[in-house]
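# Structural overview
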Amino acid sequence: MKSRRLAVCIPTYNRSEIILEFIEKHIERYLKYGFDIFVYDSSENSDTENIVKKGMGQYKSLHFVKIDPSVHSNMKVYNIFKEFGEKLDYEYLWICGDAVSWSDRVLESVNICINQGYDMIIPNHHDVEKLGDKIYTNVNRFFLDCAWQMTYYGTTIVKVSTVLTDVDWPYLIKKYAVPDSINLSHVAFYFEKISTMRVWRGIHLSFAESDIIVSSLKKSSGWKQDTFYIWCYCWPTMINRLPQCYTNKKKVIRKNGANSLILSYNNLKVLRSENIFNSEIYKQYKNKWHNLTTVPQLSLWFLSTLPPEAALDIRGYLKEMQIKNRIKKFCNRFERIYIYGAGLKAKRYTRYLNEMGLGFEAYMVTGDVDGTETIEGHKVIKFSRDVLNDRKAGLLLALNKENTKEVMKSTLRRVKNRVIFSEFILWRFM
């Protein structure tokens, strides 16, 4: 019996809405090339099963497989590899994430490469090194260029008859199905296998970011909380555990941090904002960062010390720190402080003073007040120049830029500049 062309295997867990979206919007692109779709479902309910089985009534090339939810996701992949290697029903196998689908351009290129008989096909939508479409026969060069990209499900298509046969699964499981390597054991399998092949041929295919479609229904990665354990500990551990025939292991380890965006500065800012990246993580890998990412170590330290709420707006945070420092210096020159204004900026200045352990007398406004009004426990009084004429009182001008200009020309025209603070007028208190 002739083998069918390509099996696209999609492991999924409790994401029936994403599988439904794939069937409704994307499946027909795959089927027109004669590719079969297998949904491997380990969900805790029957929602995904019902959706796929309904789709099977419309698409004969759509298949459903129920799998044990207690099995680690990477061991599910090993089991799929083993199953297809034993049956030999297909020429090629493509493990894909459930929230990702590929453009027609990618599928057409993959179809052509299948006809050319490559052992591995690497579709890359993030070709940061500008490799282009490149054929490999040297496994070390392939390791250096492509290993980091192959961490993602969906970026490696294997020829069943050459890659999934004659595999020592007990050896691989013993070596890589352990806590410090299991999350990347699929990558370990690829390079363990091709290290044993006398003749091997792979191809890297370069595509645009727009050639991969990521479902808007996808939530954050399940391993997000373990980002640094996986990519700062498990990734180097797995790479160093590979056969000695692979050289440039340090470069491969670092390439993941440089190219994948996981340890990029922008992503680290997001992780800091969620307190996943913090000073403890920084200290834990302090002597290893230079081997893990291209982000300067000083930048890593600075980011790890920021308050989480400041990480996504560092410029704004630094500006706020500068203003707070100026306010502190200003307030230390006076025995009594008043805040001119009672709006949002006045409340922000109140917060600053509270954070710095500084008090103030009252809010001052130009309008009429009855003497009983308070804001956050502080009195609101009518502005009087007399209060500021004893040289022991300072005024924090809590107004926007336009109102500051207006008030300085009118109400505060005769008040000495030295007793007025404005974040918009530096020389008033220098």
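Further up the page is the structure itself.
This write-up is about the structure you can find in this document. In this text, all values refer to a predicted model and were calculated from it rather than measured experimentally.

## Points about the sheet that holds strand β11 (residues 336-340)
A sheet is described by the order of its strands in space; here six strands give the open sequence β13-β14-β12-β11-β15-β16, paired in mixed fashion. Of all the strands in the sheet, the pair left with one neighbour each is β13 (374-375) and β16 (420-421). Bridging between β13 and strand β14 (residues 378-382) involves two bridges; their strand directions are antiparallel. Paired with isoleucine 375 across the two strands is histidine 378, which belongs to β14.

## Description of the side chain of serine 101
Position of serine 101 relative to the elements: it lies in strand β5 (residues 100-102). A relative accessible area of 1% means that serine 101 is categorised as buried. Side chain to side chain, serine 101 and arginine 29 meet in a polar contact 3.5 Å long. Other than its neighbours up to four places away in sequence, serine 101 contacts Phe22, His26, Arg29, Tyr30, Asp211, Ile212 and Ile213.

## Some thoughts on the pattern of salt bridges
Inspection of the entire model under this criterion finds 20 salt bridges. For arginine 4, the salt bridge identified is with aspartate 36, shortest N-O distance 3.4 Å. With arginine 4 in strand β1 (residues 4-12) and aspartate 36 in strand β2 (residues 35-41), this pair connects stretches of sequence that are 32 residues apart. Accessibility expressed as a relative area gives 35% for arginine 4, which makes it partly exposed. For aspartate 36, a relative accessible area of 7% gives the class buried. With a shortest N-O distance of 3.3 Å, aspartate 41 and lysine 66 are connected by a salt bridge.

About the thresholds
- Residues numbered from 1 in each chain as written.
- Predicted model: local features only at pLDDT ≥ 70, side-chain atom pairs only at ≥ 80, totals over all residues.
- Heavy atoms only, no water.
- Pairing = 2+ DSSP bridges.
- Helix = DSSP H or I, 4+ residues; strand = E, 2+ residues; numbered from the N terminus.
- Buried < 20%, exposed > 50% of the residue type's maximum accessible area, 1.4 Å probe, protein only.
- Polar contact = N/O pair within 3.5 Å; in protein donor to acceptor, adjacent residues only side chain to side chain.
- Contact = heavy atoms within 4.5 Å.
- Salt bridge = Lys/Arg side-chain N within 4 Å of Asp/Glu carboxyl O.

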